[in-house]
Amino acid sequence: MLATTGWTAVHRPDAGSSLRAAALSAWAAARIEGRPLPPADAPVRTVARFFAGLDGAQRARLAEGYPLVVGNLDGAPAALRYRANLRALEQAARAEESRSRDVGLSPADRSTAGRRAHRFESLAQPGRQILAFDPTGGGRVAEVFGDLERADRVSVIVPGVDTDVLTFERSQRRLTAPVGMAQSLYEAERAAAPAARTAVIAWAGYTAPTGVGMDAATGRMAMDGAVRLESLAAALPQDASVALFCHSYGSVVCGVAAHALPNSVSDVVVAGSPGMRAGSVAELGTSARVWATRDAGDWIADVPHLELGGLGHGADPVSPGFGARLLSAAGARNHTGYFEPGTGSLDNFAKIGTGAFGSVVCATGDDACRRGISWPDGE
């Protein structure tokens, strides 16, 4: 049985888990100028105050010495996190490269290690802005497009099932992966509003379900993801307007997090949603505008929209009774086509991301989804 499940005779922890555990242990015992460091799970404000009290050399020392911690600290300066994660990716790539040659591992594990090493090297390429990186398990990662610290509007892509560090980006079917989605949205926002200061985050910062099995049918992983999403949102520039673009199971994460999101989150957009674990927009408990869209050919429409005994995610967000603002997804194909250039869905996402609410196209063909919105900087 152990052989068929991919374990070797002597099970060895994956390199990511070992690296992260060692980093956390070292961080907990460390001091800087005699001062203890904040816990790795400290609130955003605590982390922000701590780093505000350090000079540039002290910050750099921490980023170089504890990259797997500093790179994941919501509240630390974004540029410092980019620097820390570059170093962390280099360390993790070396560890996986070593595992790929370890004859004590199964061929499948060596192959996976090689793929992970290649992915980490790609993420560490010059010019990439990696906001979070944790190689533990399947891995968690986030990347920024644009100038996050100067942005007036920030868009966050929250993806669904089968998202991990290996599927974070794809060379084929590029727009089905978080990086491709974020790049597509960023380019559409830049085309829609060239003078606007925008940033887009590809956020694979939670452990997503694998496939459409039991984990995808429950809210267990969404609850952990919601905590992480709330922390990310709290760490974004508070004078910026934030829009969440939540695809598939990512909309479950956004639904669970909705009530605890900061006021800076002005819009929550769900595409191809199996439900938000709520019966209506009112039950989400958020002041943000809630938008929903679904392509006519999206198979998610056939998933029962109910919740019973912990299974299912509640009402259909595109149903009239849910109360979301319904967006056109004209031209999108199936479950993964919402970020394709030329589609009504991507065009609408870019307008919401840049605040051009007056030209958003509603699914109903009238102005129903735009009612009650003022857009002083919209068009």
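### Considerations on the side chain of Asp 298
- Take Asp 298: it is sitting in the loop between strand 9 (289–293) and strand 10 (325–326).
- Residue contacts for Asp 298: discarding those within four places in its chain leaves Gly 272, Asn 334, His 335 and Tyr 338.

### What about the packing of aromatic side chains?
- Inspection of the entire model under this criterion finds 7 aromatic pairs.
- When the centroid spacing of 5.5 Å and the interplanar angle of 80° are considered together, the rings of Trp 27 and Tyr 66 count as edge-to-face. Taken together, the positions of Trp 27 in helix 1 (residues 15–29) and Tyr 66 in the loop between helix 3 (56–65) and helix 4 (67–70) put the pair 39 residues apart, joining distant regions of the chain.
- The class for Tyr 66 is partly exposed, based on a relative accessible area of 21%.
- For the pair Phe 120 and Phe 133, a centre-to-centre distance of 5.0 Å together with 75° between the ring planes defines the contact as edge-to-face. With Phe 120 in helix 6 (residues 107–123) and Phe 133 in strand 3 (residues 129–134), the pair connects residues that are 13 residues apart, well separated along the chain. You'll find Phe 120 and Phe 133 in the same group, each marked buried.

### Notes on the confidence of the model for the protein chain
- Residue-level pLDDT values for the protein chain average 92, and 94% of them are 70 or greater.
- Predicted confidence for residues 1–11 stays below pLDDT 50, and this span has 6 contacts to residues more than four positions away or in other chains.

### Focus: the pairing of strand 5 (residues 153–158)
- Within strand 5, 6 of the 6 residues are buried, leaving the element largely enclosed by the surrounding structure.
- Because side chains alternate across strand 5, one face comprises the buried residues Arg 153, Ser 155 and Ile 157, and the other comprises Val 154, Val 156 and Val 158, equally buried.
- As defined by bridge partners, strand 5 adjoins strand 6 (residues 198–204) across 5 bridges and the pair is classed as parallel. Within strand 6, the residue paired with Ser 155 across the bridge is Val 200.
- For the crossover that starts at strand 5, traverses helix 7 (residues 178–192) and ends in the parallel strand 6, the hand is right-handed.
- In this structure, strand 5 lies alongside strand 7 (residues 241–247), joined through 6 bridges in parallel fashion. Following the sheet pairing, Val 154 is matched in strand 7 by Val 242.

### Here we look at the pairing of strand 3
- The buried count for strand 3 comes to 5 of 6 residues, which makes it a mostly enclosed element.
- Looking at chain direction, strand 3 and strand 4 (residues 140–146) are connected through 5 bridges and run antiparallel. Within strand 4, the position partnered with Gln 129 by the bridge is Val 144.
- Hairpin connection, strand 3 to strand 4: the antiparallel pair is bridged by 5 residues, and Gly 137 has positive phi, about 60°.

### Description of the side chain of Asp 267
- With respect to the helices and strands, the residue Asp 267 is situated in strand 8 (residues 265–271).
- Of the residues examined, Asp 267 reaches a relative accessible area of 1% and is grouped as buried.
- Excluding its chain neighbours within four sequence positions, the residues that come into contact with Asp 267 are Val 242, Ala 243, Leu 244, Ala 288, Arg 289, Trp 291, Ile 352 and Phe 357.

### A word on the sheet that holds strand 10
- The mixed open sheet is built from 8 strands, whose spatial order is 3-4-6-5-7-8-9-10. Unpaired on one side and paired on the other, strand 3 and strand 10 mark the two borders of the sheet.
- Direction of pairing for strand 7 relative to strand 8: parallel, over a ladder of 6 bridges. In the sheet register, Ala 243 faces strand 8, and the bridge partner there is Asp 267.
- Here helix 9 (residues 220–235) sits on the sheet in contact with strand 3, strand 4, strand 5, strand 6, strand 7 and strand 8, set at roughly 155° to strand 6.

Definitions and cut-offs
- Residues numbered from 1 in each chain as written.
- Predicted model: local features only at pLDDT ≥ 70, side-chain atom pairs only at ≥ 80, totals over all residues.
- Heavy atoms only, no water.
- Helix = DSSP H or I, 4+ residues; strand = E, 2+ residues; numbered from the N terminus.
- Contact = heavy atoms within 4.5 Å.
- Phe/Tyr/Trp six-rings, centres within 6.5 Å; stacked < 30°, edge-to-face > 60°.
- Buried < 20%, exposed > 50% of the residue type's maximum accessible area, 1.4 Å probe, protein only.
- pLDDT = per-residue confidence, 0-100.
- Pairing = 2+ DSSP bridges.
- Right-handed = clockwise from strand over helix to strand, strands pointing away.
- Axes fitted to C-alpha atoms, helices over the stretch in contact; angles between N-to-C directions.

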